[in-house]
Amino acid sequence: SLRGGGIRAFQNGLIDLDTHCEMTCLSNDYLGGIASYLLKNKEWDIFYIHNHTPDWIYHAWLTEMDPIVTKDKATNQKFQDAEKKAWISLDTMLGKIVEAAGKDVLFALVSDHGATASGDHVPVMDALVKKGLIKVDENTAVELMKIKGGEAGFAEKGLDWSKVKAIPQRVVHIFVNLKGRDP
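A quick note: this is a predicted structure, and the numbers were derived from the prediction, not measured.

1. Quick notes on the overall build of the protein
Within the protein, the regular secondary structure consists of six helices and two strands. Sequence-ordered secondary structure for the protein, helices as α and strands as β, is α-α-α-α-α-α-β-β. Looking at the protein alone, contacts between residues at least 24 apart form 52% of all its contacts between residues at least 6 apart. Accessible surface for the protein amounts to roughly 12,800 Å². Of this, 55% is attributable to carbon and sulfur atoms.

2. Regarding the pattern of salt bridges
The final tally for this structure, using the stated rule, is one salt bridge. The closest approach of N and O atoms between Lys96 and Asp29, which form a salt bridge, is 2.4 Å. Residue Lys96 is located in helix H4 (residues 73-101), and its partner Asp29 is located in helix H2 (residues 17-41); the two are separated by 67 residues in the primary sequence. For Asp29, a relative accessible area of 41% corresponds to the partly exposed category.

3. Concerning the nonpolar core
Proteins that are soluble and globular tend to have nonpolar side chains buried together. Core analysis: the biggest nonpolar cluster contains 15 residues, and Phe10, Leu17, Trp61, Met65 and Phe79 have the highest contact counts within it. Of all elements in the fold, only helix H1 (7-11), H2, helix H3 (53-65) and H4 reach the threshold of two or more residues within this core. When residues in this core are grouped by element, the largest group, seven residues, is from H3. Val129, Leu159, Ala166 and Ile167 belong to the second-largest nonpolar core, a separate cluster that totals nine residues.

4. With respect to H2
Between its first and last C-alpha atoms H2 spans 36 Å; for 25 residues at 1.5 Å apiece the expected length is 36 Å, and the two agree. Of the positions making up H2, those classed as buried are Leu17, His20, Cys21, Met23, Thr24, Cys25, Ser27, Asn28, Gly32, Ala35, Ser36 and Leu39. The elements touched by buried residues of H2 are H1, H3 and H4.

5. Details of H3
At His59, H3 shows its largest bend, some 50 degrees. Within H3, 10 of the 13 residues are buried, which leaves the element mostly enclosed by the surrounding structure. Where H3 is concerned, the buried positions are Thr53, Asp55, Trp56, Ile57, Tyr58, Ala60, Trp61, Leu62, Thr63 and Met65. Buried residues belonging to H3 abut H1, H2 and H4.

6. Section: the confidence of the model for the protein
Scored by pLDDT, the protein comes out at a mean of 84, with 83% of its residues at no less than 70. Considering each helix and strand of the protein separately, the mean pLDDT is smallest for helix H6 (residues 138-145), with a value of 60, and largest for H4, with 96.

7. Comments concerning unusual backbone geometry
Here the phi dihedral of Asp104 falls at roughly 60 degrees; this positive angle occurs in a residue that is not glycine. Topologically, Asp104 is positioned in the loop between H4 and helix H5 (124-130).

8. Focus: the packing of H2 against H4
Between H2 and H4, the shortest axis-to-axis distance is 8 Å and the interhelical angle comes to 5 degrees. On the basis of the axis angle, H2 is roughly parallel to H4. Residue composition of the contact of H2 with H4, grouped by class: 14 nonpolar, six polar and five charged.

9. Some remarks on the layout of surface pockets
Picture a little ball the size of a water molecule; that probe, rolled over the atoms, points out where space is still empty. The volume enclosed by the second largest pocket comes to roughly 950 Å³. As for the second largest pocket, its lining consists of 31 residues, of which Ile49, Leu94, Ala108, Leu109 and Val110 are closest to the centre. Taken together, the elements giving at least two residues each to the lining of the second largest pocket come down to H3 and H4. Element by element, the count of residues in the lining of the second largest pocket is highest for H4, at eight residues. The residue makeup of the lining of the second largest pocket, split by class, is 22 nonpolar, six polar and three charged.

Rules and cut-offs
- Residues numbered from 1 in each chain as written.
- Predicted model: local features only at pLDDT ≥ 70, side-chain atom pairs only at ≥ 80, totals over all residues.
- Heavy atoms only, no water.
- Helix = DSSP H or I, 4+ residues; strand = E, 2+ residues; numbered from the N terminus.
- Contact = heavy atoms within 4.5 Å.
- Areas by Shrake-Rupley, 256 points an atom, 1.4 Å probe, with all protein chains shown as cover.
- Salt bridge = Lys/Arg side-chain N within 4 Å of Asp/Glu carboxyl O.
- Buried < 20%, exposed > 50% of the residue type's maximum accessible area, 1.4 Å probe, protein only.
- Core = buried A, V, L, I, M, F, W, Y, C linked by side-chain atoms within 4.5 Å.
- Expected span 1.5 Å × (residues − 1).
- Bend = angle between axes of the 7 residues up to and from the residue.
- pLDDT = per-residue confidence, 0-100.
- Axes fitted to C-alpha atoms, helices over the stretch in contact; angles between N-to-C directions.
- Parallel < 35°, antiparallel > 145°, perpendicular 65-115°, else oblique.
- Nonpolar A, V, L, I, M, F, W, Y, C, P; charged D, E, K, R; others polar.
- 1 Å grid on protein atoms, 1.4 Å probe; cavity = no way out; pocket = protein on both sides within 12 Å on 5 of 7 lines; lining within 4 Å.
- Points joined across faces, edges and corners; volume = space filled by probe spheres on them.

So this is what it looks like as structure tokens:
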């Protein structure tokens, strides 16, 4: 799938960086072509498009781009070069959209958040299970601790939510389950 330029395939080692970068650029080209066609051939008063490329590439690449976290200069450069290619493809996509929209059009470019490189994994799930804030059987506990930072998938792991007092969400949040807090 072009969704995310193949981010999951890259993160799972199924494709390499060059392939992920190429898929990302193809996705941007595809979205730019669709947007251009719609703007030129359909009536519109407002047109918006969401492109998640910056979010996806930084989730997938930022740690290797950062010389503080990843010390190998060749790796830093390889990932920084991929970032540049992705941004060039985004710029090209935006150029197609601006050209297709024509003159006298207001454009707004919005970002949802920034990003930082990931350092060493902090075993939040492990700590919550060990402290009894998540009560599960031994097999489920082992499976939960494999989930880095509490990524999605808790529902399938057999949690008894009535006994969950806190749960990690992604890498920087812990949701606290307080009875009556959210009616």
